[in-house]
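Secondary and tertiary structure notes
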Protein chains: 2
Amino acid sequence: MGVIEKVAKAPQAAPVDVRTRKWVDVLPLDSIIQQDCIEAMRALPAASVDMIFADPPYNLQLGGDLARPDGSHVDAVTDDWDKFDSLSAYDAFTRAWLAEARRVLKPNGTIWVIGSYHNIFKVGSAIQDLGFWILNDIIWRKANPMPNFKGTRFTNAHETLIWASMGEKAKYTFNYRSMKTLNDELQMRSDWEFPICGGQERLKKNGTKVHPTQKPEALLYRVMLACTKPGDIVLDPFFGTGTTGAVAKRLRRHWIGIEREGGYVEAAQERIAAALPLDESAVTTMQAPRQAPRVAFGTLVETGYLNPGAVLTDPKRRWRATVGVDGNLRSECGAAGSIHKLGATLQGAPSCNGWTFWHHETPEGLKPIDTLRQTYLLATQP
Amino acid sequence: MGVIEKVAKAPQAAPVDVRTRKWVDVLPLDSIIQQDCIEAMRALPAASVDMIFADPPYNLQLGGDLARPDGSHVDAVTDDWDKFDSLSAYDAFTRAWLAEARRVLKPNGTIWVIGSYHNIFKVGSAIQDLGFWILNDIIWRKANPMPNFKGTRFTNAHETLIWASMGEKAKYTFNYRSMKTLNDELQMRSDWEFPICGGQERLKKNGTKVHPTQKPEALLYRVMLACTKPGDIVLDPFFGTGTTGAVAKRLRRHWIGIEREGGYVEAAQERIAAALPLDESAVTTMQAPRQAPRVAFGTLVETGYLNPGAVLTDPKRRWRATVGVDGNLRSECGAAGSIHKLGATLQGAPSCNGWTFWHHETPEGLKPIDTLRQTYLLATQP
DNA sequence: AGCGTAGATGAATCCTGGC
DNA sequence: TGCCAGGATTCATCTACGC
């Protein structure tokens, strides 16, 4: 593994044509090119890599400071690399690097790009305009996203990945069997759940995170396992702290990283050097735990298992409450809240399991609403 | 509920200006306009609806329905002219109907558009270019998606919705409390799970489905509950078999549907006629505190719920403060101010909710003064 | 050692009404 | 238009520390 500071400054031994500044015959495999990604890709030969994984800046456009309800400060992404003058400037940047990426990809290669609603529509639109053929969009559902502290929107709990081939008729690699095995013999779906990158995996220096947006290795692992073969070449034009390189090394794929910031390059080098080829046990630990799906009471209302206006009672019929459109319960005395909250309030208890406390009338008598939840699960789970 | 076949052919009684072909003073509420959606929206007054929900076609095999490229520049990057042509036509069509939608929306209104990877990137990109401000993208995770029979890709198990306001500074309706109640007291996330539309809900004629992409009512239910108020006007420019109308009627919102195909119009009419509005009381949702009557802390002192001289502390008893006659707090260190200000000052935080920060001693232990406010509200509200 | 609790934190376009 | 002040607002996970 080496680091090439700039193609133009590469040592004479490096296989670069001085006039064209292009890599000849041999690619800078398993090394980091420290340079702007568009320039660096221009120096790579056409049709030379099997996959591109790209995590470009999202163009977040954050406002002022944000504080949590407890008053603490939210550490936002304020880095210069995420600043663009305008939406159209971002658009131009996106089209420029995607065009180079397309040139560098083999005809049977595929590209992956990750983003959020801030940028993914611009990315996807450019991908289609450039002639790529979208194969799937994949949702990374975050197990532990940051909440919406001000209660102004839905919790932004996912990111989107686009997977595309070189064209409508292009061939591509998809390891269907691997994915099905990884998913307990069920077809792998387009929504994947992983925790955000934290704990031991998160790179830190002097106690602070090295990169603000480090991606979990599990995500890259699934991407590479699904869409490359051992020995394939994976290019990451926004290498950051090298998640792509670390996973590629473990999965015995070749990688090329492009990254402008020296600090990130250094951290990536160290990290990848320490990465070990995969062993069996690691495979199992990479899998997201299968957990019983959680069903909110409101879901039963939305899906018609229980209608707004229905009356619930406790098992002893001491209290009656009416179901509201949003799944709230309103008792005759005027108190209102969720099934759990109202149950607790009426009993004067600190907490209450609304699922077993509240009952509804059925032809077979009073039944806990928990039975409705079971019915819903049976109907919707495979 | 009525059906207007075409604005130009509307009966004389209809409030349409013959020269401008526009609706005047009165909107065609709770009715279906059978016409092309762009023309039909042109006839509606500007800034007249509170929400637009759109489920546009995403079939890229364009027929005569979609506008041809209107002189927009030709990008020479692609070599597949057929595909570029249809992609460009779809783009033009998308921008045309979105521009009309924007004109028709109130300044504080919001738009929802649903789509899949075939079209959602074009839609989102156009939404941003037109000046809308994306608030969230929402993932509808299908509980029971159709499998990928060929095993060539990931199972396409979700669709994407975009929710946007009229601009960065625009206000919008978001019933945060309702969503949190609906989700068992956890913030509603950006990924929603619903089954696909089937069973009794799926409209059928002679045993075959009436519409190929009928959306589940549960989806529209959550959208409307989250982002509209009772009595609001919801416009659906791609009405299909009227899911939007049926849900709007149940939730006591007004609706306007635009649909070109007579067969769908007929099915929608029948369906919506059969839908029953929910009882007034059931439509009541959980109120955000700021919509509840405001109670000043001083009021609690004036009315004797808390006496001047009472001592308050934070939950960890790190700070003590005495209640003044005017509802001011004075800490032992001499700092003074409103319950909010003093809390913020002592913690060194930018702000503080005094109602939950300050506690008072009760026989049951330390309790936040917010409970006093609840008691006061229960005692004084009808 | 093991358990329980407190504190920190993550790609976030994060307030509103009155003067 | 901006400024000021009231007051509303968080979930899952990991680490550190004390008992």
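Residues numbered from 1 in each chain as written. Chains lettered and ligands numbered in written order. Predicted model: local features only at pLDDT ≥ 70, side-chain atom pairs only at ≥ 80, totals over all residues. Heavy atoms only, no water.

Looking at the overall build of chain A
When its secondary structure is counted, chain A shows 12 helices and 19 strands. Along the first, second and third principal axes, the C-alpha set of chain A runs to 90 × 45 × 40 Å. Across the 382 residues that make up chain A, the buried fraction comes to 55%. Within chain A, counting contacts between residues at least 6 apart in sequence, those at least 24 apart form 67% of the total. Each charge class in chain A can be summarised by its mean position, and for the 45 positive and 42 negative side chains these summaries are 3 Å apart. (Helix = DSSP H or I, 4+ residues; strand = E, 2+ residues; numbered from the N terminus. Buried < 20%, exposed > 50% of the residue type's maximum accessible area, 1.4 Å probe, protein only. Contact = heavy atoms within 4.5 Å. Lys, Arg positive; Asp, Glu negative; His and termini not counted. Charge placed at Lys NZ, Arg CZ, Asp CG, Glu CD.)

Topic: the packing of helix H2 (residues 87–104) of chain A against helix H3 (residues 120–129) of chain A
Residues and elements named next belong to chain A. Following both chains from N to C, one finds H2 and H3 inclined at 45°, their axes separated by 10 Å at the closest point. Relative to H3, the element H2 lies oblique. With respect to the hand of their crossing, H2 and H3 are arranged in right-handed fashion. Taking contact as the criterion, the partners of Leu 87, Tyr 90, Asp 91, Thr 94, Arg 95 and Leu 98 in H2 are, on H3, Lys 122, Val 123, Ser 125, Ala 126, Ile 127 and Asp 129. Here the contact of H2 with H3 is built from residues that sort into six nonpolar, two polar and four charged. (Axes fitted to C-alpha atoms, helices over the stretch in contact; angles between N-to-C directions. Parallel < 35°, antiparallel > 145°, perpendicular 65-115°, else oblique. Left-handed = near helix turned anticlockwise from the far one by under 90°. Nonpolar A, V, L, I, M, F, W, Y, C, P; charged D, E, K, R; others polar.)

A closer look at the interface of chain B and chain A
Between chain B and chain A, the contact holds 73 residues from the first and 80 residues from the second. Interface area for chain B against chain A, summed over the two sides, is near 6,700 Å², with a carbon-plus-sulfur share of 53%. The salt bridge partner of Arg 141 of chain A is Asp 191 of chain B, with a shortest N-O separation of 2.7 Å. For the pair chain B and chain A, the interface holds 39 residue pairs in polar contact (both at pLDDT 80 or more). (Buried area = accessible area lost by both parts, 1.4 Å probe. Salt bridge = Lys/Arg side-chain N within 4 Å of Asp/Glu carboxyl O. Polar contact = N/O pair within 3.5 Å; in protein donor to acceptor, adjacent residues only side chain to side chain.)

Topic: the protein's contact with DNA strand C
In the vicinity of DNA strand C, 40 residues are found, and the nearest of them are Arg 68, Tyr 117, Met 146 and Lys 150 of chain A together with Lys 316 of chain B. At the protein interface, 48% of the atoms of DNA strand C within 4 Å belong to sugar or phosphate. For DNA strand C, a sugar or linking oxygen lies 3.3 Å from a polar atom in the side chain of His 118 of chain A. For DNA strand C, a base nitrogen lies 3.3 Å from a polar atom in the backbone of Asn 144 of chain A. In terms of residue class, the surface near DNA strand C is built from 19 nonpolar, nine polar and 12 charged. (Near = heavy atom within 4 Å.)

Brief notes about the UniProt feature "domain: DNA methylase N-4/N-6" (unreviewed entry) in chain A
Residues given the UniProt feature "domain: DNA methylase N-4/N-6" (unreviewed entry) here are residues 49–270 of chain A. The straight-line gap between the two end C-alpha atoms of residues 49–270 of chain A is 24 Å; of that span, 28% is helix and 23% is strand. (UniProt positions renumbered as here; feature names shortened; annotations may be inferred.)

Notes on the packing of aromatic side chains
Overall, the coordinates contain 39 aromatic pairs over all chains when judged by the stated rule. Here the aromatic rings of Phe 121 of chain A and Phe 121 of chain B are separated by 6.3 Å at their centres, their planes lie at 40°, and the arrangement is tilted. Remark: Phe 121 of chain B occurs in helix H3 (residues 120–129) and Phe 121 of chain A occurs in helix H3; the pair is interchain, linking two chains. Residue classification places Phe 121 of chain A among the buried residues on the basis of a relative accessible area of 1%. Geometrically, the ring pair formed by Trp 163 of chain B and Tyr 172 of chain B is edge-to-face, given 5.5 Å between the ring centres and 90° between the ring planes. Among the residues examined, Trp 163 of chain B registers a relative accessible area of 0% and is labelled buried. On the accessibility criterion, Tyr 172 of chain B (26% relative accessible area) is partly exposed. Taking the ring centre of Phe 132 of chain B as reference, the NZ or CZ of Arg 102 of chain B above it sits at 4.8 Å. (Phe/Tyr/Trp six-rings, centres within 6.5 Å; stacked < 30°, edge-to-face > 60°. Lys NZ or Arg CZ within 6 Å of the ring centre and 35° of its normal.)

Considering unusual backbone geometry
Residue and element names in this part refer to chain B. Of note, Asp 30 is a non-glycine position whose phi angle comes to about 55°, a positive value. Of note, Asp 30 is situated in the loop between strand E3 (22–23) and strand E4 (31–33). Taking relative accessible area as the criterion, Asp 30 reaches 22% and is therefore assigned partly exposed. Positioned with a positive phi, Ala 47 is a non-glycine residue whose angle comes to about 50°. Mapped onto the fold, Ala 47 is located in the loop between helix H1 (37–42) and strand E5 (49–54). Looking at Ala 47, the relative accessible area reads 39%, which means it is partly exposed.

Some remarks on the protein's contact with DNA strand D
Neighbouring residues of DNA strand D: 23 residues in total, closest Gln 200 of chain A together with Tyr 176, Lys 180, Arg 294 and Asn 353 of chain B. Near the protein, within 4 Å, the atoms of DNA strand D are sugar or phosphate in 61% of cases. Take Lys 180 of chain B: an N or O atom from its side chain is 2.4 Å from a phosphate oxygen of DNA strand D. Considered class by class, the residues forming the surface near DNA strand D number 10 nonpolar, eight polar and five charged.

A word on the environment of Ala 96 of chain A
On the secondary structure map, Ala 96 of chain A appears in helix H2. Remark: the alpha-carbon pair of Ala 96 of chain A and Ala 126 of chain A, spanning 30 residues in sequence, is separated by 9.6 Å.

Observations regarding the pattern of salt bridges
As a working rule, side chains carrying opposite charge can pair if their charged atoms are close by. Overall, the coordinates contain 39 salt bridges over all chains when judged by the stated rule. The salt bridge partner of Arg 42 of chain A is Glu 100 of chain A, with a shortest N-O separation of 3.6 Å. Remark: Glu 100 of chain A occurs in helix H2 and Arg 42 of chain A occurs in helix H1 (residues 37–42); sequence separation between them is 58 residues. Look at Arg 42 of chain A and you get partly exposed, because its relative accessible area is 47%. Taking the relative accessible area as the measure of exposure, Glu 100 of chain A reaches 13% and is therefore buried. Residues Arg 271 of chain B and Glu 217 of chain B are paired through a salt bridge, measuring 3.0 Å at the closest nitrogen-oxygen approach.

Some thoughts on the environment of Ser 190 of chain B
Here Ser 190 of chain B lies in the loop between helix H4 (176–182) and strand E9 (191–194). Considering only alpha carbons, one finds Ser 190 of chain B and Ile 139 of chain B, 51 residues apart in sequence, at a separation of 6.2 Å. Apart from the residues lying within four places of it in its own chain, the contact partners of Ser 190 of chain B are Phe 154, Thr 155, Asn 156, Ala 157 and His 158 of chain A together with Asp 137, Ile 138 and Ile 139 of chain B. Here the side chain of Ser 190 of chain B touches His 158 of chain A through a polar contact of 2.7 Å, side chain to side chain.

A closer look at the nonpolar core
In this structure, Trp 97 and Ile 111 of chain A together with Trp 97 and Ile 111 of chain B are the most contacted members of the largest nonpolar core, which totals 79 residues. The residues contacting Ile 111 of chain A, other than those within four sequence positions of it, are Ile 52, Trp 97, Leu 98, Ala 101, Leu 105, Phe 132, Ile 162, Trp 163 and Ala 164 of chain A. (Core = buried A, V, L, I, M, F, W, Y, C linked by side-chain atoms within 4.5 Å.)

Things to note about the environment of Gln 34 of chain A
Residues and elements named next belong to chain A. Positionally, Gln 34 belongs in the loop between strand E4 (31–33) and H1. Separated by 101 residues in the primary sequence, Gln 34 and Leu 135 have C-alpha atoms spaced 31 Å apart. Only 3.4 Å separates the side chain of Gln 34 from the backbone oxygen of Arg 260, close enough to count as a polar contact.

Re the side chain of Asp 236 of chain A
Residue and element names in this part refer to chain A. Structurally, Asp 236 is set in strand E12 (residues 233–236). Buried Asp 236, no salt bridge; nearest opposite-charge side chain is Arg 271, N-O distance 8.9 Å. A polar side-chain atom of Asp 236 sits 3.5 Å from the main-chain amide nitrogen of Phe 239. There is a polar contact of 2.5 Å between the side chain of Asp 236 and the side chain of Thr 244. Not counting the four nearest positions on each side in its chain, Asp 236 is found in contact with Phe 53, Ala 54, Thr 244, Ile 256, Gly 257 and Ile 258.

Here's the deal with H3 of chain A
Residue and element names in this part refer to chain A. Most of H3 is tucked away, with 10 of its 10 residues classed as buried. Listed as buried for H3 are Ile 120, Phe 121, Lys 122, Val 123, Gly 124, Ser 125, Ala 126, Ile 127, Gln 128 and Asp 129. Just past H3, the residue Gly 131 takes up positive phi, approximately 100°.

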